[in-house]
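Descriptive structure summary
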Amino acid sequence: MIFTSPVFVLFFLAVFFVTLAIQKFANDRAKYIFLLSASYFFYGWWDWRFCFLLLFVTLMSYVTAMNSRKKFAYILGVAIPLIVLGIFKYCNFFLDSLALLTGREFMSLQIILPVGISFYTFQALSYVIDVHRGKIPVERDFVKLALYISFFPQLVAGPIVRASDFLPQLNESGRKITLQNFTIGVQIIAMGFFKKIVLADHISVFVDDVFRVPVAFHWATIILAVVSYSLQIYFDFSGYSDIATGCAKCLGYDFVMNFNLPYISRSVTEFWRRWHISLSGWLRDYLYIPIGGNRLGKFRQLVNIMITMLLGGLWHGANWTFVFWGGLNGLALCLEKIFARKKSAPGNFVTFSFISFTWIFFRAENFVKAWQVITGIFTFQDGISQPFFWSFFAIVILAVSQIVATVKSRRENSSVVTGFCPIMNLNTITGLTTFFVFVGIILGLAFTGENPFVYFQF
Amino acid sequence: MKSFEYNGHRSWGYLCLKILVSGILALIILTLLCKIYDDPPQHHINLDGVTDRIFAPYRRYFCFQEGFSVGKTNNEGYNNTFDFEKGMSLDVLLMGSSHMEAFGVMQDENTANLLGEFANERVYNIGVSGHFFPTCASNLKAALRKYAPSKFVIIEIMNLSFTDETFASIINHTFPHIDGAVGTRNPLREFMRENPYIYRAYLNIFHFLPNKFPTQDYSSFSQNNPELLAKVLAQMSDTLSQSKSGARLIIAYHPPVSLNLDGSLKIESDPQVSRQFSELCEQNGIYFLDMSERFLSEYAKDYTLPYGFINTSVASGHLNRYGHRMFAEEIYKLMQRIEAQS
């Protein structure tokens, strides 16, 4: 049940109206129980067996957090989600890697990767760690904790919501479905749909063609495909985040911003402050800082950055290409740290080019394909020329949105350019008409082939 | 904050009115936008049996969904640059599917126009989407009766493998006609078709549902039943000789292609099936043109692909302008050879 499927639209409408009815005629607890059931139904739609794993992770977090003052319980609370993640996501990867290293064959396990496991295990971890650190109180209501971990808008592909952000919302009585929340929510959802099914999905056609057979394409076309992939993954994932945020908003809840115009960044450091913010923040607070951060000297800081980025790469997928991608980004962050005082920021073009280059390893199914892409570019390979229309269209949309955001930030005398979703006043005919035209354009330009979200695989 | 209550204006009724007015305004804007983005003509049932469906006459179209094209149908509703009047003499009649309908390329770039240009002859195109080989074979008699081309009838095909049932139904004249106009039996769809935006949105929504449109399976390379295929071709040959038009029949086959992982072009066709088809055509006095070699050589020369557009996947979909040019050139060469022989 992906967000862009008709079945999800029906599911969400049903959830919305039942929640509205419960809000009207029953209490908050009934609403939470219903939303929890709906979230498990949503998750079970993929495979009902996954629900038991989700329940297990939730139960363990609940129990261990209750006793997190005890070291053993805390260790257990951290270890269990990691073990679950390790078994389901990385077991075969490590066995295969070991086989490659030793030359011996190991039996691969028949394990299906449960969708969204990387996201909800990280949420469970953040809850246990925050409770242990005393940042948030223990949540004694199991329903609320379970709803925090499994809330369907963010369950399968984020954003990685912090317990400290979400659990307090469940204790606020004012968190309700309102017309204002609804009108804002649907506009954010519409923006997400536009990014996903109009831009990202159309671009994916071209990117898939080139990355399947890089040796067949002209070098300029390959460059366009690499740039296109940068746009595709941004529109795909930020589109998903927008839909998730919009759905939550319709139901009365707020998620943190997950993308903030990442390609406007003037350095890789800035890029990671703007890209997948919920993951970057998570890695910073629960990995980089605990292993020492910048507190143990310059060299250790660089080592810590590399460890964080390599593990961040591995988090994205059980493949060495992801680790390498993380390593490249880590290296760039280290270089920026080393030369921070000697030189100014590399600049927008250099940063975008570097980030696009690293995406090659993220997108290519293996190093051979990645190498074919790179050699295709640098050997000025001859081949098929494909000036793909949707790529240029997406570039224009991205450029315009960045210019608008920059102008807006300057007008507001803000030192940092911040992205925003334009929210219209749906109380007016102009606002409503504009919104309907926007929705109509999405419907008219929608890509209608099969195309799951990129981040579902993580 | 109040619950789900509408407090911005007077009442829920007022809100509904605003939604209605805004909806209508939005629809007008979207329709205007669609008029210049994607406004293909719609099919109607064709009663003369030449084709199963036809477009409205003199209908302007803008098609930017797959390729880019702007044009106008002729007086009959086919994609031609000239009108057909009763009694008009035609040199070549071109039958075929959506590839010949050619809404992905400009009118002067499609096979019929290029062929007419090369041969300096009057080439009339009655290609309509969904008119694959069985439909063209079934409609051949009516087409010859109406247009009586003096030199050639060309049937464009992209698939060579058919089931025994299909062949039997062609032989028995029971091959089912295409449900001509999409939605002619459904008043709601008929109404929706008139608005390009509503139709576009309808198609998109419909595409999200499984098993929505019947498509031809190009991936099946099963050998045809030679006896049945021979009977079909013999029947077509008889139809041609009975028509007294003097035209010769060319079956022009352009196979699907794909890219191999080493970057070379792969012809998605079984050479055995193609050979069998070709031999049986020859035995029945029908000329068979296979585009495989031309596609391969063109790709080897400068990576030109016959299918795909700058807004779709490469090497798939409909013939692009290069594909049309290659197709027209090869047909023209064959026509020249045939005329030289006779």
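Reading guide: rules and limits
- Residues numbered from 1 in each chain as written.
- Chains lettered and ligands numbered in written order.
- Predicted model: local features only at pLDDT ≥ 70, side-chain atom pairs only at ≥ 80, totals over all residues.
- Heavy atoms only, no water.
- Helix = DSSP H or I, 4+ residues; strand = E, 2+ residues; numbered from the N terminus.
- Buried < 20%, exposed > 50% of the residue type's maximum accessible area, 1.4 Å probe, protein only.
- Areas by Shrake-Rupley, 256 points an atom, 1.4 Å probe, with all protein chains shown as cover.
- Rg over C-alpha atoms; globule rule 2.2 N^0.38 Å.
- Contact = heavy atoms within 4.5 Å.
- Lys, Arg positive; Asp, Glu negative; His and termini not counted.
- Charge placed at Lys NZ, Arg CZ, Asp CG, Glu CD.
- Axes fitted to C-alpha atoms, helices over the stretch in contact; angles between N-to-C directions.
- Parallel < 35°, antiparallel > 145°, perpendicular 65-115°, else oblique.
- Left-handed = near helix turned anticlockwise from the far one by under 90°.
- Nonpolar A, V, L, I, M, F, W, Y, C, P; charged D, E, K, R; others polar.
- pLDDT = per-residue confidence, 0-100.
- Pairing = 2+ DSSP bridges.
- Core = buried A, V, L, I, M, F, W, Y, C linked by side-chain atoms within 4.5 Å.
- Domains from an automatic or database assignment.
- Salt bridge = Lys/Arg side-chain N within 4 Å of Asp/Glu carboxyl O.
- Buried area = accessible area lost by both parts, 1.4 Å probe.
- Polar contact = N/O pair within 3.5 Å; in protein donor to acceptor, adjacent residues only side chain to side chain.
- Arc of directions from axis to C-beta.

The helix and strand inventory of chain B stands at 11 helices and 12 strands. Here chain B holds 342 residues, and the buried ones make up 52% of them. On chain B, roughly 15,600 Å² of surface is accessible, and the fraction owed to carbon and sulfur atoms is 56%.

Let us now look at the overall build of chain A. When helices and strands are counted, chain A shows 18 helices and 0 strands. At 22 Å, chain A has a C-alpha radius of gyration in line with the 23 Å of a compact globule built from 458 residues. With 458 residues in all, chain A has 59% of them scored as buried. Across chain A, contacts joining residues at least 24 apart in sequence account for 76% of those joining residues at least 6 apart. When the accessible surface of chain A is split by element, carbon and sulfur atoms take 68% of a total near 19,300 Å². Distance from the positive charge centre (36 side chains) to the negative charge centre (22 side chains) of chain A: 10 Å.

Residue and element names in this part refer to chain A. Running from amino to carboxyl end, helix α5 (residues 117–133) crosses helix α12 (residues 277–288) at an angle of 40°, the nearest separation of the two axes being 12 Å. Comparing their axes, α12 and α5 come out oblique. Relative to α12, the crossing made by α5 is left-handed. Residue-level inspection shows F122, L125, S126, I129, D130 and R133 of α5 in contact with α12, the latter providing L279, W282, L283, D285 and Y286. Of the residues that constitute the contact of α5 with α12, the class distribution is 7 nonpolar, 1 polar and 3 charged.

Once that is clear, we can look at the confidence of the model for chain A. Scored by pLDDT, chain A comes out at a mean of 88, with 96% of its residues at no less than 70. The secondary-structure element of chain A with the lowest mean pLDDT is helix α4 (residues 71–102) of chain A, recorded at 83, while helix α16 (residues 367–378) of chain A shows the highest, at 95.

What follows covers the sheet that holds strand β5 (residues 69–72) of chain B. Adjacent strands of a sheet form backbone hydrogen bonds with each other and so pair up, either parallel or antiparallel. Ordered by their spatial adjacency, 3 strands build an open sheet running β1-β4-β5 (chain B), and the pairing between neighbours is antiparallel. Where the open sheet ends on each side, the last strands, each with one partner, are β1 (38–39) and β5 of chain B.

Membership of the largest hydrophobic core comes to 182 residues, with the highest contact counts inside it found for Y127(A), L251(A), Y263(A), W359(A) and I154(B). Inspection of this core shows a minimum of three residues originating in each of domain 1 (6–177) and domain 2 (181–266 + 379–457) of chain A. Discounting chain neighbours no more than four positions away, the residues touching W359(A) are Y229(A), S230(A), I233(A), Y263(A), F271(A), W275(A) and W325(A). If you look at the next biggest cluster of nonpolar residues, it comprises 42 residues, including A137(B), A143(B), Y147(B) and F288(B).

Residues and elements named next belong to chain B. Within the fold, V128 resides in the loop between β7 (123–125) and α4 (133–147). Taking the relative accessible area as the measure of exposure, V128 reaches 0% and is therefore buried. When the C-alpha positions of V128 and T51 are compared, they lie 7.4 Å apart, and in sequence the two are 77 residues distant.

Residue and element names in this part refer to chain A. For the coordinates displayed, the defined rule picks out 28 salt bridges over all chains. Of the charged contacts, one joins D141 and R29 as a salt bridge, the two residues approaching to 2.7 Å between their closest N and O atoms. Remark: R29 occurs in helix α2 (residues 28–44) and D141 occurs in the loop between α5 and α6 (142–150); sequence separation between them is 112 residues.

So, on to the domain arrangement of chain A. Residue and element names in this part refer to chain A. Partitioning chain A into structural domains gives domain 1 (6–177) and domain 2 (181–266 + 379–457). Taking the mean C-alpha position of each, domain 1 and domain 2 sit 27 Å from one another. With 28 residues of domain 1 at the contact, the number on the domain 2 side is 19 residues. Carbon and sulfur atoms supply 71% of the area that domain 1 and domain 2 bury against each other, a total of about 2,000 Å² over both sides. In this assembly, domain 1 and domain 2 are joined by 1 salt bridge.

This paragraph deals with the side chain of N159(B). If you trace the backbone, N159(B) turns up in the loop between β8 (152–157) and α5 (164–171). Within the structure, the side chain of N159(B) is placed 3.3 Å from the backbone nitrogen of S161(B), a separation counted as a polar contact.

Residue-level contacts link 42 residues of chain A with 42 residues of chain B. Note on chain A versus chain B: buried area summed over both sides is about 3,600 Å², and carbon and sulfur give 69% of it. At the junction of chain A and chain B, the tally comes to 0 salt bridges. Linking chain A with chain B are 8 residue pairs in polar contact (both at pLDDT 80 or more), by the criterion used here. Elements with a minimum of two residues in the side of chain A that touches chain B: α1 (6–25), α9 (179–212), α17 (389–411) and α18 (429–445) of chain A. The leading source of residues in the side of chain A that touches chain B is α18(A), at 10 residues. Tallied by class, the residues present in the side of chain A that touches chain B amount to 25 nonpolar, 13 polar and 4 charged.

With that settled, consider the sheet that holds β8(B). Residues and elements named next belong to chain B. Ordered in space as β7-β6-β8-β9-β12, the 5 strands form an open sheet in which the pairing is parallel. At either margin of the open sheet sits one strand with a lone partner, and together these are β7 and β12 (287–290). Each neighbouring strand pair of the sheet contributes to a mean axis angle of 20°, computed without reference to strand direction. Relative to β12, strand β9 (residues 248–253) runs parallel, the two sharing 4 bridges. Bridging across to β12, I251 finds its partner in F288. Across the sheet, helix α8 (residues 226–243) lies against β8 and β9, angled at about 140° from β9, the strand it touches most.

Residues and elements named next belong to chain A. Tracing the backbone shows Y90 in helix α4. In the structure, Y90 is positioned 40 residues away from F50 in sequence and 17 Å away in space, judged by C-alpha atoms. Leaving out residues up to four positions away in the same chain, Y90 has contacts with L85, L314, W315, G317 and A318. Of note is the side chain of Y90, whose polar atom sits 2.7 Å from the backbone oxygen of L314.

We now examine the pairing of β8(B). All names here are of chain B. For β8, the tally of buried residues reaches 6 of 6 residues, placing the bulk of the element in the interior. Neither face of β8 is exposed, since F152, I154 and E156 on one face and V153, I155 and I157 on the opposite face are all buried. Bridge analysis of strand β6 (residues 92–95) against β8 gives 4 bridges, and the strand direction is parallel. For M95, the partnering residue across the bridge sits in β8 and is I155.

Right, let's get into unusual backbone geometry. Residues and elements named next belong to chain B. Within the chain, Y58 stands out as a residue other than glycine whose phi angle is a positive 50°. For Y58, a relative accessible area of 46% translates into the label partly exposed. The phi dihedral of N120 falls on the positive side, at around 55°, and the residue is not glycine. Here N120 shows up in the loop between α3 (111–119) and β7.

On to helix α8 (residues 163–170) of chain A. Among the residues making up α8(A), those that are buried are A163(A), F166(A), L167(A), Q169(A) and L170(A). Down the axis of α8(A), the buried set is contained in an arc of 155°. They therefore lie on one face.

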